[in-house]
Amino acid sequence: SSGSRDDSLRDRRAQMLSRGLPKQKPIDGVKQVVVLASGKGGVGKSTTAVNVALALAANDSTKEVGLLDADIYGPSIPKMMNLKGNPELTPKNLMRPLKNYGIACMSMGFLIEETAPVVWRGLMVMSAVEKLLRQVDWGQLDYLVIDMPPGTGDVQLSVSQNIPIAGAVIISTPQDVALLDACKGAEMFRKVHVPVLGLIQNMSVFQCPKCKHETHIFGADGVRDLAKTLGLDILGDVPLHVNIRETCDSGQPVVISQPQSDAAKAYLKIAKEIVRRLPVPPA
Amino acid sequence: LLSFLPERSNLAGVRHILLVLSGKGGVGKSTISTELALSLRRSGKKVGILDVDLCGPSIPRMFRVQGSDVHQCDSGWVPVFVDQEKSISLMSIGFLLEKPDDAVVWRGPKKNALIKQFVADVAWGDLDFLIVDTPPGTSDEHISTVEALRPYKPLGAILVTTPQAVSVGDVRRELTFCKKTGLQVLGIVENMSGFVCPHCSECTNIFSKGGGEELAKHAGVPFLGCVPLDPQLSQSLEEGRDFIQEFPKSSAFPALASIAQQILDGTSQRSS
């Protein structure tokens, strides 16, 4: 029948295509990898990645958490985690991650000067990402949070083809242009068979500190509608609070410096929701 | 192997080419590109926008032409016009996708090939300004775009940043990129600079303030102005409306109009 012939053609094509692709190999010592992506730039991936990594550790002090900044062109993690300097090398020639607030971090930002741009084509980026994944002495981690760059290109492909990812979380603001890109981000993960755990709505609403009037600067509820369309859950809603940005700029993320604040509570809740949706970790 | 060259290059009728860069994502490059085009149109100029953000093309939506098709003509692709008068024309990968939600998950070489086509094969006709809206970063798209545009001597680049430290850091890198590639920096725009509560008029610096201005001073490039956070601007972009025409009293209008004026002044100085 033509149905089974189509199937066998499709299987054969998949087989041939997969021959050229890199094999997925887990990172030594890392139990589960959670990826934070968006598609759109500037929606708060790094801010959320930093606070979620700290929240995962805060919710369960027995867990070891690492944070990888995969944004080769615009690494923000060093500033937000108040870390600077070149990583040391272990006897085995692996890079030792820099640690702050109990989180092991690695970023392109540690390997280049602050003002130096990384003007690289895709091929070099691939090898840089490979190094940041495999040539780091992560030790034993329960969770490795990876902060992705914006877009749906080389870095996203390299990461998802190289290592098994337990789940991806997509962040968006309520604006249409951001949602459009978030949709593309979700589609991309579907293409590379990475499970999407849910969406985070960021910068949802702003409350004037003086008169408490609420303004939806970037629109309202867009992410909820998108979640419904894509059949995904909303893991959390983070409002626009000046203290989130202030604390990140000063290298003392809000989850650590103001744990009682609404913003911190939102991140702690998101971390809980992520853990709930992850598969049971390997022993 | 000599390729067949058209008699007249598709960019021969374009008077000024300018790039909108950032380094940082989400600071408002597409927004500024759009508003700049609308302001220049108000001053009677014919403008084109080339959207080389292949992963996240925002431009079609900002003009409410996201469903449009691209047609071919003898000299190549016909850009999409946003109005009857053909005062603003656009080219974006957004028009070439089958469905607006399709993801473009490409590696560098494929992106480079398309960008070369976008630069050489779009029949722009006669334009006063061609604005090139770029994606965040300093990667394949940027290198290819600058290389492909080099023979046409672009006017320069406008760098957009938000005031916060992480943005300014990325834009500092972008400045170095411009220096290395010989692209003149026309100026820095500090976007999302302050929010004025519509209820009580208290101004909150959600994304901090002054970072862009300081960077411009430090780097010795012109500072084009601060654009405040304006919900009417975001809404107008969502709906693909002409903010410059319809909201002249809104808080972001004076800054946006001033940026366009400075660009116009710069070009008239050059030609005199």
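Preceding this paragraph is the structure being described.
Not measured: the values here are computed from a predicted model. (Residues numbered from 1 in each chain as written. Chains lettered and ligands numbered in written order. Predicted model: local features only at pLDDT ≥ 70, side-chain atom pairs only at ≥ 80, totals over all residues. Heavy atoms only, no water.)

Enquirer: What is the right way to look at the overall build of chain B in this model?
Expert: Secondary structure assignment for chain B yields nine helices and 12 strands. Against the globule reference of 19 Å for 272 residues, chain B gives a C-alpha radius of gyration of 18 Å, in line with a compact fold. The principal-axis extents of the C-alpha atoms in chain B amount to approximately 65 × 45 × 40 Å. The buried share of chain B, taken over its 272 residues, is 62%. Just so you have it, chain B exposes about 11300 Å², and 49% of that area is on carbon and sulfur atoms. If the 27 positive side-chain charges of chain B are averaged to one point and the 30 negative ones to another, these points end up 5 Å apart. (Helix = DSSP H or I, 4+ residues; strand = E, 2+ residues; numbered from the N terminus. Rg over C-alpha atoms; globule rule 2.2 N^0.38 Å. Buried < 20%, exposed > 50% of the residue type's maximum accessible area, 1.4 Å probe, protein only. Areas by Shrake-Rupley, 256 points an atom, 1.4 Å probe, with all protein chains shown as cover. Lys, Arg positive; Asp, Glu negative; His and termini not counted. Charge placed at Lys NZ, Arg CZ, Asp CG, Glu CD.)

Enquirer: Is there a simple way to think about the environment of B:Pro60 in this case?
Expert: Mapped onto the elements, B:Pro60 comes out in helix α2 (residues 59-62). Not counting residues within four places of it along the chain, the set of residues in contact with B:Pro60 comprises B:Asp51, B:Val65, B:Gln66, B:Ser92, B:Gly94 and B:Phe95. (Contact = heavy atoms within 4.5 Å.)

Enquirer: Sorry, what's going on with the packing of helix α4 (residues 140-149) of chain B against helix α5 (residues 165-181) of chain B here?
Expert: When two helices pack together, their arrangement is given by the angle between the helix axes and the distance between those axes. Residue and element names in this part refer to chain B. Taken N-terminus to C-terminus, the directions of α4 and α5 make an angle of 30°; their axes are 12 Å apart at the nearest point. In this structure, α4 crosses over α5, and the sense of that crossing is right-handed. On α5, the residues touching His142, Ile143 and Val146 of α4 are Glu174, Phe177 and Thr181. When grouped by side-chain class, the residues that make up the contact of α4 with α5 number three nonpolar, two polar and one charged. (Axes fitted to C-alpha atoms, helices over the stretch in contact; angles between N-to-C directions. Left-handed = near helix turned anticlockwise from the far one by under 90°. Nonpolar A, V, L, I, M, F, W, Y, C, P; charged D, E, K, R; others polar.)

Enquirer: Sorry, what's going on with the pairing of strand β1 (residues 14-21) of chain B here?
Expert: Consecutive side chains of a regular strand alternate in pointing toward one face of the sheet and then the other. Residue and element names in this part refer to chain B. Most of β1 is tucked away, with seven of its eight residues classed as buried. Across six bridges, the pairing between β1 and strand β7 (residues 127-133) is parallel. Residue Leu18 lies in a different strand from β7, and its bridge partner there is Ile131. In the sheet, β1 pairs with strand β8 (residues 156-161) via four bridges, with the strands oriented parallel. In the sheet register, Leu19 faces β8, and the bridge partner there is Ala157. (Pairing = 2+ DSSP bridges.)

Enquirer: Help me out: how do you make sense of the interface of chain A and chain B in this one?
Expert: Bring the parts together and some accessible area is lost; that lost area is often taken as the interface size. The partner chain B presents 52 residues to the 54 residues of chain A that form the contact. For the pair chain A and chain B, the summed buried surface comes to about 4600 Å²; carbon and sulfur atoms form 60% of the total. Here B:Glu147 makes a salt bridge to A:Arg121, at a shortest N to O gap of 3.5 Å. Here chain A and chain B share 14 residue pairs in polar contact (both at pLDDT 80 or more) between them. A total of nine residues in the side of chain A that touches chain B trace back to one element, the largest contributor, which is helix α6 (residues 176-191) of chain A. Here the residues of the side of chain A that touches chain B are counted per class, giving 26 nonpolar, 14 polar and 14 charged. (Buried area = accessible area lost by both parts, 1.4 Å probe. Salt bridge = Lys/Arg side-chain N within 4 Å of Asp/Glu carboxyl O. Polar contact = N/O pair within 3.5 Å; in protein donor to acceptor, adjacent residues only side chain to side chain.)

Enquirer: For this particular structure, what's the right way to read the pattern of salt bridges?
Expert: Between side chains of opposite charge, a pair can form as their charged atoms come close. Counted under the stated rule, the structure contains 19 salt bridges over all chains. Of the charged contacts, one joins A:Glu130 and A:Arg134 as a salt bridge, the two residues approaching to 3.9 Å between their closest N and O atoms. Placement of both A:Glu130 and A:Arg134 in helix α4 (residues 122-134) is noted, with a separation of four residues, approximately one turn of the helix. The partner of B:Asp242 in a salt bridge is B:Arg41, and the shortest N-O contact between them spans 2.9 Å. In this pair, B:Asp242 is assigned in the loop between α7 (231-238) and α8 (243-246) and B:Arg41 in helix α1 (residues 29-42), connecting sequence segments 201 residues apart. Look at B:Arg41 and you get partly exposed, because its relative accessible area is 22%.

Coordinates in, geometry out; function isn't part of it.
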